[in-house]
Every structure is written in C-alpha cells, then in structure tokens.
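Each chain, written out:
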Amino acid sequence: MNLELFQKSRELGELLVNTDEYRKVQEAEAAFQEDEFAQAKVAEFNALQQEVQTLMQTPDPDQALIAQKANDLRSMQASLTEMPSIQAMNEAQTEFSKLLTQVNQVLRFIITGQVDEGGCGGSCESCGGSCSSCGDAHKE
C-alpha cells in the first residue's frame, strides 16, 4: 500500500472512531460489561451452546435431548435480546454498521461508478445521493 493511501485510510479510520455512532457503541459495550446480570446470562447461554455442540458430536447423539437443549437455547437467546444493556449494544452496533456500509457504498461508487441498489432505501442519507433513485431526485 502506498504511503498516501495508508495515511488517508488512517484519517478515515480516525474520522470513523470520532463519530457519534462509534461513541455510542463504546458506551453501550461499557454498560454491557458493567451489567453483571447480563454477563452471567451470556455466560450461561455460551455454556449451554457448548453443551449442545458437545452432544451433537457424540457417536450416538440423543436427538430428543438435543432438541430440548436447542429449545432452551432459543428461549435464552430471546430473553438475552430483551435485556436493556444488550438491546442498547445491538442497536448501537447496527447504527455503526449502517455507517460503515454507507462509507463502503461511497467508496464503491467512486471506484466503480456503480452503486449497490439493494442497499439504498431511497433516502439520500443512506447513499449520499449517489444511487439511481436519489440521483434522479437530485436531477430535478
């Protein structure tokens, strides 16, 4: 990688970590780390998940037991996603991921002249006005 490209990549990374979206991810992850109840439930979920994997790898797996444990896993996962600290973390990560997708779409457009039509929701905020539906709106 040439030096200028490396420097510009570094600048882009620094801009990204200074966004509200990234700060919210960091805050949400810190809050999740401090939530002892959520941490314990995640550890319990991970242990059950490992148990299911181990059961599935046995020479003659007990299908009924695996099905029961899989149901328990689904139930635990549903309860985890309802925990406020986990919800906040997931929402923050989703928003930051959307930002990264938008940046990637702009880079793709600059490099190829093409946009990912599937990624545009018709909002100029999502593509910066570079997609066909937003581009048409800007021609008026």
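Structural data are supplied above this passage.
Below you will find a few notes about this structure. (Residues numbered from 1 in each chain as written. Predicted model: local features only at pLDDT ≥ 70, side-chain atom pairs only at ≥ 80, totals over all residues. Heavy atoms only, no water.)

**Side note on the overall build of the chain**
Right, so step 1: In terms of regular secondary structure, the chain is built from 7 helices and 0 strands.
Right, so step 2: In the chain, the order of α-helices and β-strands from amino to carboxyl end is α-α-α-α-α-α-α.
Right, so step 3: Among the 140 residues that make up the chain, the fraction classed as buried is 22%.
Right, so step 4: Partitioning the intrachain contacts of the chain with sequence separation of at least 6 by distance along the chain shows that 49% fall at a separation of at least 24.
Right, so step 5: Only carbon and sulfur atoms are counted for the fraction: they give 53% of the accessible area of the chain, which is about 9,900 Å². (Helix = DSSP H or I, 4+ residues; strand = E, 2+ residues; numbered from the N terminus. Buried < 20%, exposed > 50% of the residue type's maximum accessible area, 1.4 Å probe, protein only. Contact = heavy atoms within 4.5 Å. Areas by Shrake-Rupley, 256 points an atom, 1.4 Å probe, with all protein chains shown as cover.)

**Points about the environment of Ala88**
Right, so step 1: For Ala88, the location among the structural elements is in helix 5 (residues 84-112).
Right, so step 2: Its relative accessible area of 35% is what places Ala88 among the partly exposed residues.
Right, so step 3: When the C-alpha atoms of Ala88 and Val25 are compared, they prove to be 8.5 Å apart, with 63 residues separating the residues in sequence.

**With respect to helix 2 (residues 20-34)**
Right, so step 1: If you check helix 2, its first and last C-alpha atoms are 21 Å apart, about what 15 residues at 1.5 Å a residue would give, namely 21 Å.
Right, so step 2: Taken together, the buried positions of helix 2 are occupied by Val25, Ala28 and Phe32. The arc that holds every buried residue of helix 2, seen down its axis, measures 70 degrees, which confines them to one face. Every exposed residue of helix 2 that faces more than 90 degrees away from the buried side is listed here: Glu27, Gln33 and Glu34.
Right, so step 3: Buried positions along helix 2 lie against helix 3 (36-56) and helix 5. (Expected span 1.5 Å × (residues − 1). Arc of directions from axis to C-beta.)

**Observations concerning the packing of helix 2 against helix 3**
Right, so step 1: Interaxial distance between helix 2 and helix 3 falls to 5 Å at its minimum, and their mutual angle equals 80 degrees. One element, helix 2, and the other, helix 3, form an angle in the roughly perpendicular class. For the pair helix 2 and helix 3, the contacting residues are Phe32, Gln33 and Glu34 in the first and Glu36, Ala38, Gln39 and Val42 in the second.
Right, so step 2: In the contact of helix 2 with helix 3, the residues fall into 3 nonpolar, 2 polar and 2 charged. (Axes fitted to C-alpha atoms, helices over the stretch in contact; angles between N-to-C directions. Parallel < 35°, antiparallel > 145°, perpendicular 65-115°, else oblique. Nonpolar A, V, L, I, M, F, W, Y, C, P; charged D, E, K, R; others polar.)

**Considering a nonpolar patch on the surface**
Right, so step 1: A cluster of nonpolar side chains, Leu12, Leu15, Val106, Leu107, Phe109, Ile110 and Ile111, forms an exposed patch at the surface whose accessible area comes to about 660 Å².
Right, so step 2: No other element matches the 5 residues that helix 5 contributes to the nonpolar patch.
Right, so step 3: Mapped onto the fold, Ile111 is located in helix 5. (Patch = residues over 30% accessible without salt bridge, like charges linked within 9 Å, V, L, I, M, F, W, Y side chains within 5 Å. Salt bridge = Lys/Arg side-chain N within 4 Å of Asp/Glu carboxyl O.)

**Topic: the packing of helix 2 against helix 5**
Right, so step 1: Interhelical geometry of helix 2 versus helix 5 gives an angle of 155 degrees and a closest axis separation of 8 Å. Between helix 2 and helix 5, the interaxial angle falls into the category roughly antiparallel. In terms of crossing hand, the pair formed by helix 2 and helix 5 is left-handed. Of the residues in helix 5, those touching helix 2 at Glu21, Tyr22, Lys24, Val25, Ala28, Glu29, Ala31 and Phe32 are Ser85, Ile86, Ala88, Met89, Ala92, Gln93, Glu95, Phe96 and Leu99. (Left-handed = near helix turned anticlockwise from the far one by under 90°.)

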